[in-house]
Structures are given as C-alpha cells and as structure tokens.
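Spelled out from the first residue to the last, the chains are:
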Amino acid sequence: MTTTAPHLTRTDGTTYAGLHLIVDLHAAAHLDDRAHIEQTLRDATEATGATLLSLHSHHFSPQGVTAMAILAESHISCHTWPEIGYAAFDIFMCGETDPHAALPILADAFETDDIRVTELHRGTP
C-alpha cells in the first residue's frame with residue numbers, strides 16, 4: 001500500500017481515506033481478561049506500523065470487555081462476549097499502515113483459527 005499524502009491511502013490506483021477491517025473471532029479464548037486484551041491491542045498496533053495515542057478499556061460484570069486503542073491513524077476497537085467465545089474487532093487505519101498485520105496477532109492472542117474478515121475501503125470516490 002502506498003500513500004499520496006500521510007493521511008490518505010492508495011491501492012491499485014485508487015486513493016481513499018483508509019482501510020477498515022471488520023473482524024469476527026469465534027471459538028476464542030481470553031475474552032474476559034482485560035489486561036490480556038489491552039496488551040493484544042498494543043501488540044496489534046505495533047505490528048501494523050500505527051502510532052498508539054491512548055488506550056481505554058472497561059470490564060463488564062459479570063463478563064465481557066470493551067477496549068479502544070486510539071491511533072494517530074484512526075483506531076482498533078474490541079468488544080467481547082466470553083460466554084459464547086466471540087469477539088468483534090474494528091481495525092480502521094489510514095496512511096502507511098498495514099491493518100492486515102494485526103490478524104495473526106489476534107489469532108495467536110485469542111487462540112483461534114476462526115477469524116472472519118470483511119474489508120472496506122472507506123472514503124472511496
């Protein structure tokens with residue numbers, strides 16, 4: 001992926017705002033471990049080449065975690081449902097980043113091979 005400006009993304013001759021991955025993890029582990037989820041967001045951010053600005057999370061009672069990594073290039077968010085082994089991630093990035101590099105980090109951290117990804121090019125003409 002190349003860029004025409006630091007905040008725009010260019011792929012196959014098309015310039016757009018950024019790449020948005022909608023990621024569903026099924027049969028996943030560690031979905032109620034807030035510290036583990038926060039570290040995974042840090043690791044995923046580093047793998048993509050993005051810049052972490054802040055990280056916030058909340059643990060629900062009796063279970064589940066919502067976490068958000070605010071990036072200079074946009075965000076990574078996570079919402080978990082441990083009772084059904086499911087986590088929903090949004091990975092939205094612009095510029096010279098590789099959102100796909102987060103996928104093996106997520107698979108490893110949550111011990112699953114069942115990852116379903118929908119890719120959107122946001123801001124296409």
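Each remark here, short or long, concerns the structure printed above.
Residues numbered from 1 in each chain as written. Predicted model: local features only at pLDDT ≥ 70, side-chain atom pairs only at ≥ 80, totals over all residues. Heavy atoms only, no water.

Participant: I tried to follow the side chain of histidine 20 on my own but got confused; where do I start?
Facilitator: Checked against the element boundaries, histidine 20 lands in strand S3 (residues 18-26). Residue classification places histidine 20 among the buried positions, given a relative accessible area of 7%. Of the polar contacts made by the side chain of histidine 20, one reaches the side chain of arginine 122; its length is 2.7 Å. Beyond its immediate chain neighbours, meaning those up to four positions away, histidine 20 contacts Asp90, Ile91, Phe92, Thr118, Glu119, Leu120 and Arg122. (Helix = DSSP H or I, 4+ residues; strand = E, 2+ residues; numbered from the N terminus. Buried < 20%, exposed > 50% of the residue type's maximum accessible area, 1.4 Å probe, protein only. Polar contact = N/O pair within 3.5 Å; in protein donor to acceptor, adjacent residues only side chain to side chain. Contact = heavy atoms within 4.5 Å.)

Participant: Looking at this model, I keep getting lost on the nonpolar core. Mind explaining?
Facilitator: Nonpolar side chains in soluble globular proteins generally cluster together in the buried interior. One finds Val23, Leu25, Ile76, Phe89, Ile91, Leu106 and Phe110 to be the most contacted residues of the largest nonpolar core, which totals 25 residues. In contact with phenylalanine 89, other than residues within four places in its own chain, are Leu21, Ile22, Val23, Leu25, Leu41, Ile76, Ser77, Cys78, Leu106 and Phe110. (Core = buried A, V, L, I, M, F, W, Y, C linked by side-chain atoms within 4.5 Å.)

Participant: Looking at this structure, how should I read the pattern of salt bridges?
Facilitator: Opposite charge on two side chains allows them to pair when their charged atoms are near. For the structure on display, the rule yields 2 salt bridges. Between aspartate 114 and arginine 116 there is a salt bridge, with the nearest N and O atoms lying 3.0 Å from each other. By relative accessible area, arginine 116 is classed as partly exposed at 46%. (Salt bridge = Lys/Arg side-chain N within 4 Å of Asp/Glu carboxyl O.)

Function-wise, these values are silent; they only describe arrangement.
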